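Notes for the structure review
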Amino acid sequence: MNQTQSSGSDGENDIKLIELSVVLVANSNNPSIINPDFLRYNKIVDDSYEVQDSPISTPAFSQVGFKNGIAVASTPDRVIFKQSGILDRENVVSPEVAKRYLECVPHVPYRAIGINPKGFRSAAGEEPTPVSDMLRGNGLWTSFEDVTPEVQLKAIYRYSERNISLDIARADVTENGKKTFGTLYQANIHRELTETDTESRVTRLSSVLESWSSDLKDFYNMTSKYLGEG
């Protein structure tokens, strides 16, 4: 796949990555297996991971959060591996956690996978800038890798093997008691699985998880167009 030009040699721009989650979608998932002991015993998470709050484990919903920003949640139709904090390529581990889970639980009929980065860009001034004002100055975002998006409350880029949806909203964050205005960028890079047997599904999912940094680079390249840098 051809990559677009961006403002940095590695595809990054001045948007801070604050979350990266992996979602495994399945038809008959079992949330009740998600608990700290299961995750540690099967080496899905490291033994050093400290539990943040009281875990939840029920047939309908389970969740385990760790102090390092990793959280694993599960419902009957999906498992979510989320990492929050100030992230870069070197400290992102959520795809690796998802891959270890996949290797431990390969026989679930997975049907799709999502790689979901979330980024925040601080505004130049002390007041929030409307998204409409931010987009009015350039039209670079109207095409990414020769595909024109459907623009509603989000931009949706449809490809043969994946869809990329990008939500952009005005936002603010508070750090050390100080509020910073800016813009939040949330992407969902979604792939449906066409493989019908377990081995082929796991191979396909593993390939996507191993190449997560390519999806992250596309996230930076795509958002650069909205910044007028693409």
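Residues numbered from 1 in each chain as written. Predicted model: local features only at pLDDT ≥ 70, side-chain atom pairs only at ≥ 80, totals over all residues. Heavy atoms only, no water.

Describing the environment of Y157
To keep it simple, the criterion reads: The helix and strand labels rest on DSSP assignments: H or I over at least four residues marks a helix, E over at least two residues marks a strand, and numbering proceeds from the N terminus. Contacts are assigned to residue pairs that have any heavy atoms within 4.5 Å of one another. Polar contact criterion, stated in full: a pair of N or O atoms within 3.5 Å, where within protein one must be able to donate a hydrogen and the other to accept it, and residues adjacent in sequence count only if both atoms are side-chain atoms.
By secondary structure assignment, the location of Y157 is in strand β8 (residues 155-158). In this structure Y157 touches W141, S143, F144, V147, P149, R162, N163, I164, M222 and Y226, once residues within four positions along its chain are discounted. Of the polar contacts made by the side chain of Y157, one reaches the side chain of Y226; its length is 2.9 Å.

As for the pattern of salt bridges
Defined as follows: Each reported salt bridge corresponds to a side-chain nitrogen of Lys or Arg within 4 Å of a carboxyl oxygen of Asp or Glu. For each residue, the accessible area found with a 1.4 Å probe, counting protein chains only, is set against the maximum for its type, and the residue is called buried under 20%, exposed over 50%, and partly exposed in between.
Here the structure, examined in full by the defined rule, presents 12 salt bridges. Where E145 meets R162, a salt bridge forms, and the shortest distance between an N and an O atom there is 3.9 Å. Placement of the pair is E145 in the loop between α3 (131-136) and β7 (150-151) and R162 in the loop between β8 and β9 (163-175), with a sequence separation of 17 residues. Across the pair, exposure class does not vary: E145 and R162 are buried alike. As a salt-bridge pair, R162 and D218 come within 2.8 Å of each other at their nearest N and O atoms.

A look at the nonpolar core
As a reminder of what qualifies: We call a set of buried Ala, Val, Leu, Ile, Met, Phe, Trp, Tyr and Cys residues a nonpolar core when their side-chain atoms join them within 4.5 Å.
Judged by nonpolar contacts, the single largest core of 54 residues is most densely connected at F81, Y101, Y110, Y157 and Y226. With 6 residues, helix α5 (residues 212-226) is the single largest residue contributor to this core.

So, the packing of aromatic side chains
Selection rule: Pairing of aromatic side chains requires ring centres within 6.5 Å, counting the rings of Phe and Tyr and the six-membered ring of Trp. Pairs whose planes differ by under 30 degrees are stacked, by over 60 edge-to-face, and all others tilted. A ring has a charge above it when a Lys NZ or an Arg CZ is no more than 6 Å from the ring centre and no more than 35 degrees off the ring normal.
For the structure shown, the criterion picks out 5 aromatic pairs. Above the plane of the ring of Y159 lies R162, whose end atom (NZ or CZ) is 5.4 Å from the centre.

Quick look at the pairing of β9
Short version of the rule: Pairs of strands are assigned from DSSP output, requiring at least two bridges between the strands.
With 4 bridges connecting them, β8 and β9 associate as antiparallel partners. Paired with I156 across the strands is S165, a residue of β9. As consecutive antiparallel partners, β8 and β9 are separated by 4 residues. Note: β9 against strand β10 (residues 178-192), 13 bridges, orientation antiparallel. Residue pairing across strands places I164 opposite I189, the latter belonging to β10. Hairpin connection between β9 and β10: a loop of 2 residues separates the two successive antiparallel strands, and N176 in this loop has a positive phi of roughly 55°.

Description of the side chain of K118
With respect to the helices and strands, K118 occurs in strand β6 (residues 110-122). The class for K118 is buried, based on a relative accessible area of 18%. Among the polar contacts made by the side chain of K118, one reaches the side chain of Q186 at a distance of 3.5 Å. Beyond its immediate stretch of four places on either side in the chain, K118 contacts K16, L17, I18, E19, L184, Y185, Q186 and F219.

Details of the environment of S143
Its location among the elements puts S143 in the loop between α3 and β7. Given a relative accessible area of 26%, S143 falls into the partly exposed group. In this structure the C-alpha to C-alpha distance between S143 and M222, which are 79 residues apart in sequence, comes to 9.1 Å. Setting aside residues no more than four positions away along its own chain, S143 makes contact with P149, Y157 and K225.

Remarks on unusual backbone geometry
At K43, a position not held by glycine, the phi torsion is positive, near 60°. A relative accessible area of 53% means that K43 is categorised as exposed. Phi at D146 takes a positive value of approximately 65°, unusual for a residue other than glycine. Assignment of secondary structure puts D146 in the loop between α3 and β7.

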